Amino acid sequence: MNNYGIDIWGENNFFIDGGKVRLNHACDPAIIDIVKRIEKEGYKGPLTLRFPHLIRKQINTLYSKFETSIKEYEYKGKFNAVFPLKVNQYPSFLQPLIKEAKDYNYGLEAGSKAELLIAMAYNNENAPITVNGFKDKEMIHLGFIAKQMGHDVTLTIEGLNELNTIIEVHKETKLSCPNIGLRVRLHSSGSGIWAKSGGIDSKFGLSSTEILDALEILEKNNMTQYLTMIHFHIGSSMNSIAPLKKALKESGHIYAELKNMGASNLKAINIGGGLAIEYSQFNRSRFYSLDEFANDVVYILKDIAKQKGVEEPDIFTESGRFIAANSTVLITPVLELYSSQLEIKNLRLKDTNPPLITELYDLYNDMTKKTALEFMHDSLEHMESLLTLFDLGYIDLQDRSNSEVLTHLIIKKAILILEVKDYTELKTIEKRIKEKYLLNFSIFQSLPDFWGINQEFPVMPLTHLDKTPTRSASLWDITCDSDGEIEFDNNKPLYLHDINLKEEEYYLAFFNVGAYQDTMGIQHNLFSHPTQINVSFKDDEYFLEKILPAQSILDILDDIDYDSNEIKEIFKDKLDSNTYKVLEKYLYDNSYLNTIGN
Ligand SMILES: *Cc1c(COP(=O)(O)O)cnc(C)c1O
């Protein structure tokens, strides 16, 4: 049976039982049942489901792997971690994270002024805040204010000008100075597709000359004691560990050299983010385990400290994708199967039909198990010929429609008769027999990384998992943009079920969408974020919390600076009051299609 690669990407968080995907937690609810309950409460369209227990699980995994390595190697430094806010800033994601973070003293990383203000307002007391990214004087001043509030804050400088600004603000405000980190520009770079965040050509960080300059500037201003951290980030989704090991050696030696040159309060190495997760449904793409990752970091840093005779540094990590991705599942109702209009009752045969149509009709009726494959191939050839005949004016629209209906009926019948068992079999049979599934969502809004960088996400139906899927599927969203499609790909084939949507419902779920997708989504065609819902557990019951409904149409128009009152006035003016009342209801609906679940 097709398990959609759940053993590769699922991390035991989900399992299939009785034909349904279930959550592997507490009362093991089927996701479809959670969806039904949400729809009963009146929410329609696509849904973003968040599972806070999975955020906790990831935080716990990260900390416990490092605790184990630290014990094993008798490492003297401490382990610390911060969550990089750019990965997901939605309160419905962040509030549960901050709650779970308390037990671990897990902090936050900010890369912009807005993110820093979130961290200053909500970070747990005593948990670290690190500040990366390009900073102006205002942002640096915010760092000082954060320190004044009592936060444990480290400003990581990306260039010497930022260091000079820190000194300026320190002198002007007389506020006590936050910790200072140096982001180093490594000559080794990462291995994922985001590898350009690290490396000698990187957008970020100081060269070795600039590092020496930085130390001199600090000494000259009597501020060397504020230098506490060395930072690097080699890019997102590292699929191999080798570049990290190189970067650790490089930065470890920089740390030790600086310490020996008099940076006496330097005590931490921040290894950035980049821990990968599995997105593929077919092959593993992360070639290291978390144990290996933690062991390598601890071992290499210990080794360098020993070699250079300095104390073992505290370790900071800023992995975001690893913490956030698998907490979130996107649910999209299937609205239509393209060929569902092509049923036998739609045939409009004439008394005399073109010979090829008659032949198609016979292929359909006479098909047996033995001839199914051959007839299916014949029908595809005939259909090609018939389309050409139409273009040349030899057959009419009615004939053309009959050819479409008959060809699809033949394909469906052949798949059924052939009792296709698995992917490879289907693949070898015929790749042209794709079915198009129309989904009630926007790829631009909900899977921006698929649109922008071809990131694949695991996808599977919520039900029917005890039946063999027989249709090779292309997925279409409801935007009016031809890029809003996930095409069938022979190398990563997606097979779905042949469903009669008049009789039953069918939902697809995209997994691992909790990192980067939420705030990177765009309102193309004015579709808002889906309705977001947190599913939390107490004993064996689950609860729906922090529900953030998809924005209403008026709300979205407001967002792009229309005056919603003016819009309402325009309609009020031009419509009678009864019609206006109906229209007003539509203005307060969301943009998604309203055909499922009501
Ligand atoms: C983006 C970013 C991260 C997070 O990277 P992930 O791949 O999500 O772990 C960490 N640190 C810095 C400096 C970043 O820019």
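Calculation notes
- Residues numbered from 1 in each chain as written.
- Predicted model: local features only at pLDDT ≥ 70, side-chain atom pairs only at ≥ 80, totals over all residues.
- Heavy atoms only, no water.
- Core = buried A, V, L, I, M, F, W, Y, C linked by side-chain atoms within 4.5 Å.
- Buried < 20%, exposed > 50% of the residue type's maximum accessible area, 1.4 Å probe, protein only.
- Helix = DSSP H or I, 4+ residues; strand = E, 2+ residues; numbered from the N terminus.
- Contact = heavy atoms within 4.5 Å.
- Polar contact = N/O pair within 3.5 Å; in protein donor to acceptor, adjacent residues only side chain to side chain.
- Axes fitted to C-alpha atoms, helices over the stretch in contact; angles between N-to-C directions.
- Parallel < 35°, antiparallel > 145°, perpendicular 65-115°, else oblique.
- Nonpolar A, V, L, I, M, F, W, Y, C, P; charged D, E, K, R; others polar.
- Expected span 1.5 Å × (residues − 1).
- Salt bridge = Lys/Arg side-chain N within 4 Å of Asp/Glu carboxyl O.
- Near = heavy atom within 4 Å.
- Areas by Shrake-Rupley, 256 points an atom, 1.4 Å probe, with all protein chains shown as cover.

Side note on the nonpolar core
Within soluble globular proteins, side chains that are nonpolar tend to cluster in buried spots. One finds Phe14, Leu97, Leu475 and Phe510 to be the most contacted residues of the largest nonpolar core, which totals 142 residues. Examining the composition of this core, we find that nine residues originate from one element, helix 10 (residues 290–308), more than from any other. The contact partners of Phe510, leaving out residues within four places of it in the chain, are Thr328, Val329, Leu330, Thr332, Leu439, Phe441, Leu447, Phe457, Pro458, Val459, Leu475 and Ile486. Membership of the second largest hydrophobic core comes to 21 residues, among which are Met367, Ala372, Leu406 and Ile410.

Concerning the side chain of Asn512
Relative to the helices and strands, Asn512 is located in the loop between strand 18 (507–510) and helix 18 (517–520). Among the polar contacts listed, one links the side chain of Asn512 to the backbone oxygen of Glu278, at a separation of 2.9 Å. Among residues more than four places away in sequence, those in contact with Asn512 are Trp9, Ile277, Glu278, Tyr279, Ala325, Asn326, Thr328, Phe457 and Pro458.

Regarding the packing of helix 7 (residues 160–173) against helix 8 (residues 208–220)
Relative to each other, helix 7 and helix 8 sit at 10 degrees, their axes nearing to 10 Å. What the angle tells us is that helix 7 and helix 8 run roughly parallel. Contacts between helix 7 and helix 8 involve Leu160, Leu163, Asn164 and Ile167 from the former and Glu210, Asp213, Ala214, Ile217 and Leu218 from the latter. Its residues placed into classes, the contact of helix 7 with helix 8 shows six nonpolar, one polar and two charged.

Examining helix 7
With 14 residues, helix 7 should reach 20 Å at 1.5 Å per residue; the first-to-last C-alpha distance of 20 Å fits that figure. Taken together, the buried positions of helix 7 are Leu160, Glu162, Leu163, Thr165, Ile166, Ile167, Val169 and His170. Positive backbone phi, at 60 degrees, marks Lys174, one or two positions downstream of helix 7.

What about the pattern of salt bridges?
By the definition in use, this model includes 26 salt bridges. The salt bridge involving Glu343 is made with Lys502; its shortest N-O contact spans 3.4 Å. Residue Glu343 is found in the loop between strand 12 (328–337) and helix 12 (355–366), and its partner Lys502 is found in the loop between strand 17 (495–496) and strand 18; the two are separated by 159 residues along the sequence. Taking relative accessible area as the criterion, Glu343 reaches 28% and is therefore assigned partly exposed. Given the relative accessible area of 66%, Lys502 is considered exposed. It is possible to trace a salt-bridge network through shared partners that takes in Lys36, Glu39 and Glu505.

Points about the site of the ligand
The immediate surroundings of the ligand are formed by 15 residues, with Lys86, Ser236, Glu318, Gly320 and Tyr516 found nearest. Contact distances for the ligand include 2.3 Å between an oxygen atom and a side-chain N or O atom of Ser236. Between an oxygen atom of the ligand and a side-chain N or O atom of Tyr516, the distance comes to 2.6 Å. In isolation the ligand exposes 390 Å². Once the protein is present, 93% of that is buried.

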